[in-house]
Amino acid sequence: MKGLLVFTALFVAVFGKETFQGEPTDLSTPVDIRVPNIHLQTVKAFLEAEDIQYYIMIEDLQVMLDEEQEQMLKAARTAAPRTTDDFDYSNYHTIDQIYAFQDMLVAENPSLVSKVVIGQSYERRPLTVLKFSTGGTNKPGIWIDTGIHSREWVTQASGTWFAKKIVTDYGRDTALTSILNKMDIFLEVMTNPDGFAYTQTSNRMWRKTRKPNPGSSCVGTDPNRNWDAGFGGPGASSSPCSETYRGPSAHSESEVKSIVDFVTSHGKLKSFVSIHSYSQMLLYPYGYTKTPCKDQNELHNLAKKAITDLASLYGTSYRYGSIINTIYQASGGTIDWTYNQGIKYSYTFELRDTGRYGFILPANQIIPTARETWLALMAIMKHTSNPF
Amino acid sequence: METGELNPNYYPARRAAAVVQHYLNTRYGSPYRWMFLGNVHNASSEDVTEGRKYQLELTIQEMISNVSGPCSAELLFPGAGTPQVQASCDWLLPNNTRAQEEAFYQQHRDSHNLVSGDRIPDSYGHMEPTMKPFWHLGGVASSFIMLEQSNQSTLYNMAQVANFTQLETEKDQLRFQYHVLLHEMVSQEIIHWKMLITWSPAEGVKVLQTDLQPKCNCEDPPDSIN
């Protein structure tokens, strides 16, 4: 009894009744107290002297309140943005929010941006590409895709940032304006929307498409092993249950076939950049063979320039080289196919980080990642539009 | 298989260096000390009777204090079984983490308020500050598994702590049951492991039991997607 009386008396005397969360009632019921920092040592000493057991539930309430405040502000911001200026680029978004963003961007910039639907996913979602063009016909083009592997969330998030960056910088940034005067830019933000939906509803770590495989309980094909370049060779799996399942045949996935058809019918793409995460790498062909691609020297030097520019912003360090040397042998890959179609400046990015967070990169790294990656993209696009 | 000097930026050297990272975590890791691989500076390898031997000069980053330093290592990938590593990183001394580790240990050793958590980090890369040391601990403990499972065709990282539960303290060791998701880069598989681990400042991290979970082409447990 003495302990409880002394305890209560001390606290009421020093801190006022407000420090208690609830009232001290009896000896066996724990009571929670909030202790101002300046009194911390006194309180601890008192409790120990009186042999009153205590446990620290929250080390620093202020930190928790700050974090909660931040989250609430974020939540307030994610109430449907009315313009792409309101859109919260520093957060991850749902499929619907990204589709809505694309429509808003087009509506706000009708003379620069249009939406091209290149096909449908397995689950019938539209495969939409944003076309950035200053007009004219038969212009050469640059292609950028993000989100082909659905769990690589920083890529779709960066894609929305790139879209906004292009419309912001056109007419303001000399280099980008010059590129767009000569070439069109095509940007597919959600290249695998079915997979992306699945990462949001069911399995955050889903990579592949969502097309079922006959005769197997395992769903999906790896869209980056499904291209007709070294298809069926080592560096992809023939098992539907594998994360690197190449699919029943090359271009079997509509998410891949739609791009193949687009590229083929466009006929004048000069650069093709497919964006993944994670590992911090900039890669060029080939993945399916050790034979160096014929433009290896030029692609290597351009990659070096691009990652140097990338590093200039925050010091983020990237490695670069051919896929097969730098990361692993991979067959049926996107940029091996696009390169073999004659699209010389074919690159794959692996964005942040190098394994600490991996696929679940904190949202506060989205904008820094997008900003630094943009510098590398600009280096590639500048060279593409002006190789000599 | 290249023999002699290796390009330190290409995957053979990088995979070997990642094994050294896991080894260092098993030796020195704690809830306040978690090592990651920085750059590889030099690498060479050769065939030996027992398997394949690598010599490496690399930079290791300690994630919490943000201190980096050089290490030299020798590692052997035997024909089968756990890689054998010898590494020296003179700067990796248990000094500045002592106070934090001790406070954390005292905070959790009386088993009145056993802690648990799940999805660390969550889908958005977020975690409560109080969960961070448990994330680090999960990563360090995972290194025991990742070290054991590594070979020249693998590259492992811990993708997420699916959940953890603190068990009663025993013999002065904090004890935990962990369920972790490991990402293997070459196969791109997510591999689920459960493990029983202990930790104290004096004894470091020990992994008592590991259980590979069957691959399931299924959904995350309910209520676990935010």
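Residues numbered from 1 in each chain as written. Chains lettered and ligands numbered in written order. Predicted model: local features only at pLDDT ≥ 70, side-chain atom pairs only at ≥ 80, totals over all residues. Heavy atoms only, no water.

### Focus: the overall build of chain B
Turning to step 1, where the next piece is worked out: In terms of helices and strands, chain B carries three helices and 10 strands.
Turning to step 2, where the next piece is worked out: Taken over the C-alpha trace, chain B has a radius of gyration of 18 Å; the compact-globule value for 226 residues is 17 Å, and the two agree within 12%.
Turning to step 3, where the next piece is worked out: Summarising its shape, the C-alpha atoms of chain B cover approximately 55 × 45 × 30 Å along the three principal directions.
Turning to step 4, where the next piece is worked out: Burial status across chain B gives 51% buried among its 226 residues.
Turning to step 5, where the next piece is worked out: Long-range pairs, those at least 24 residues apart, make up 55% of the contacts in chain B between residues at least 6 apart in sequence.
Turning to step 6, where the next piece is worked out: By element, 46% of the accessible surface of chain B is carried by carbon and sulfur atoms, the whole surface being about 10,000 Å².
Turning to step 7, where the next piece is worked out: Put simply, chain B has 15 plus and 26 minus side-chain charges, and the middle of one group is 2 Å from the middle of the other. (Helix = DSSP H or I, 4+ residues; strand = E, 2+ residues; numbered from the N terminus. Rg over C-alpha atoms; globule rule 2.2 N^0.38 Å. Buried < 20%, exposed > 50% of the residue type's maximum accessible area, 1.4 Å probe, protein only. Contact = heavy atoms within 4.5 Å. Areas by Shrake-Rupley, 256 points an atom, 1.4 Å probe, with all protein chains shown as cover. Lys, Arg positive; Asp, Glu negative; His and termini not counted. Charge placed at Lys NZ, Arg CZ, Asp CG, Glu CD.)

### A word on a nonpolar patch on the surface
Turning to step 1, where the next piece is worked out: A contiguous nonpolar patch, built from I58(A), L61(A), M64(A) and L65(A) and spanning about 300 Å² of accessible area, is present on the exposed surface.
Turning to step 2, where the next piece is worked out: Residue placement: M64(A) occurs in helix 3 (residues 61-77). (Patch = residues over 30% accessible without salt bridge, like charges linked within 9 Å, V, L, I, M, F, W, Y side chains within 5 Å. Salt bridge = Lys/Arg side-chain N within 4 Å of Asp/Glu carboxyl O.)

### Points about the sheet that holds strand 8 (residues 173-184) of chain B
Residue and element names in this part refer to chain B.
Turning to step 1, where the next piece is worked out: The five strands are arranged 6-7-8-9-10 in an open sheet whose pairing can be described as antiparallel. At either end of the open sheet lies a strand with only one pairing partner, and these are strand 6 (116-120) and strand 10 (204-212). Between one strand axis and the next, the sheet turns by 20° as a mean value, whatever way the strands run.
Turning to step 2, where the next piece is worked out: With 11 bridges connecting them, strand 7 (residues 156-170) and strand 8 associate as antiparallel partners. Pairing of Y156 across the sheet is with E184, part of strand 8. (Pairing = 2+ DSSP bridges. Axes fitted to C-alpha atoms, helices over the stretch in contact; angles between N-to-C directions.)

### Side note on the packing of helix 1 (residues 11-28) of chain B against helix 3 (residues 132-149) of chain B
Residues and elements named next belong to chain B.
Turning to step 1, where the next piece is worked out: Running from amino to carboxyl end, helix 1 crosses helix 3 at an angle of 130°, the nearest separation of the two axes being 8 Å. Classed by the angle they form, the pair helix 1 and helix 3 counts as oblique. You can see that helix 1 and helix 3 cross each other, and the crossing is left-handed. Mapping the contact onto sequence places V19, H22, Y23, N25 and T26 in helix 1 and V140, S143, F144, M146 and L147 in helix 3. (Parallel < 35°, antiparallel > 145°, perpendicular 65-115°, else oblique. Left-handed = near helix turned anticlockwise from the far one by under 90°.)

### With respect to the UniProt feature "active site" (unreviewed entry) in chain A
Residues and elements named next belong to chain A.
Turning to step 1, where the next piece is worked out: Per the UniProt record, "active site" (unreviewed entry) is found at E350.
Turning to step 2, where the next piece is worked out: Here E350 shows up in strand 10 (residues 345-351).
Turning to step 3, where the next piece is worked out: With residues up to four places along the chain from it excluded, the contact list for E350 reads H276, S277, Y278, S279, Q280, M281, L283, Y318 and I327.
Turning to step 4, where the next piece is worked out: In terms of polar contacts, E350 uses its side chain to reach the backbone amide nitrogen of Y278, at 3.4 Å. (UniProt positions renumbered as here; feature names shortened; annotations may be inferred. Polar contact = N/O pair within 3.5 Å; in protein donor to acceptor, adjacent residues only side chain to side chain.)

### Let's talk about the UniProt feature "domain: Peptidase M14" (unreviewed entry) in chain A
Turning to step 1, where the next piece is worked out: The UniProt feature table records "domain: Peptidase M14" (unreviewed entry) at residues 91-384 of chain A.
Turning to step 2, where the next piece is worked out: Helix makes up 38% of residues 91-384 of chain A and strand 17%. Its end C-alpha atoms lie 31 Å apart.

### Notes on the state of the cysteines
Turning to step 1, where the next piece is worked out: Overall, the coordinates contain two disulfides over all chains when judged by the stated rule.
Turning to step 2, where the next piece is worked out: Disulfide partner of C218(A): C241(A), at an S-S distance of 1.9 Å. Measuring the twist about the S-S bond at about 85°, one finds the C218(A)-C241(A) disulfide to be right-handed. Highlighted residues: C218(A) in the loop between helix 7 (193-201) and helix 8 (254-266) and C241(A) in the loop between helix 7 and helix 8, separated in sequence by 23 residues.
Turning to step 3, where the next piece is worked out: Judged by relative accessible area, C241(A) falls into the partly exposed class, the value being 28%.
Turning to step 4, where the next piece is worked out: Each sulfur of the disulfide joining C71(B) and C89(B) lies 2.1 Å from the other. (Disulfide = S-S within 2.5 Å.)

### Considering the sheet that holds strand 1 (residues 4-5) of chain B
Residues and elements named next belong to chain B.
Turning to step 1, where the next piece is worked out: With antiparallel pairing, the five strands of this open sheet are ordered in space as 1-2-3-4-5. Every interior strand has two partners, whereas the edge strands, strand 1 and strand 5 (84-88), have only one.
Turning to step 2, where the next piece is worked out: The strands touched by helix 1 are strand 2 (35-48), strand 3 (51-62), strand 4 (67-78) and strand 5; relative to strand 2, the strand with the most contacts, the crossing angle is about 115°.

### So, the environment of T59(B)
Residue and element names in this part refer to chain B.
Turning to step 1, where the next piece is worked out: By the secondary structure assignment, T59 is in strand 3.
Turning to step 2, where the next piece is worked out: In the structure, T59 is positioned 21 residues away from G38 in sequence and 5.0 Å away in space, judged by C-alpha atoms.
Turning to step 3, where the next piece is worked out: What T59 contacts, discounting residues up to four positions off in sequence, is F36, L37, G38, N39, H41, S68, G69 and P70.
Turning to step 4, where the next piece is worked out: Among the polar contacts listed, one links the side chain of T59 to the side chain of H41, at a separation of 2.6 Å.

### Quick word on the side chain of Q188(B)
Turning to step 1, where the next piece is worked out: Of note, Q188(B) is situated in the loop between strand 8 and strand 9 (189-200).
Turning to step 2, where the next piece is worked out: With relative accessibility at 5%, the residue Q188(B) sits in the buried group.
Turning to step 3, where the next piece is worked out: At 2.9 Å, the side chain of Q188(B) forms a polar contact with the side chain of Y328(A).
Turning to step 4, where the next piece is worked out: Residues in contact with Q188(B), not counting those within four places in the same chain, are R151(A), R207(A), E243(A), T244(A), Y328(A), F359(A) and H183(B).

### Points about helix 2 (residues 98-109) of chain B
Residue and element names in this part refer to chain B.
Turning to step 1, where the next piece is worked out: With 12 residues, helix 2 should cover 16 Å at 1.5 Å per step; its first-to-last C-alpha distance of 16 Å lies within 8% of that length.
Turning to step 2, where the next piece is worked out: For helix 2, every residue scored as buried is listed here: E101, F104, Y105 and H108. On an axial view of helix 2, the arc spanned by its buried residues comes to 100°, and they lie on one face. (Expected span 1.5 Å × (residues − 1). Arc of directions from axis to C-beta.)

### Some points on unusual backbone geometry
Turning to step 1, where the next piece is worked out: Following S277(A), the chain continues into Y278(A) via a peptide bond in cis, with omega recorded as -5°.
Turning to step 2, where the next piece is worked out: Checked against the element boundaries, Y278(A) lands in the loop between strand 7 (269-277) and strand 8 (281-284).
Turning to step 3, where the next piece is worked out: Here the bond from P285(A) into Y286(A) is cis, since omega is 10°, no more than 30 degrees from zero.
Turning to step 4, where the next piece is worked out: Residue Q280(A) is not a glycine yet carries a positive backbone phi of 60°.
Turning to step 5, where the next piece is worked out: Secondary-structure assignment places Q280(A) in the loop between strand 7 and strand 8.
Turning to step 6, where the next piece is worked out: Among the residues examined, Q280(A) registers a relative accessible area of 10% and is labelled buried.
Turning to step 7, where the next piece is worked out: The residue R119(B) is not glycine, and still its phi comes out positive at about 55°.

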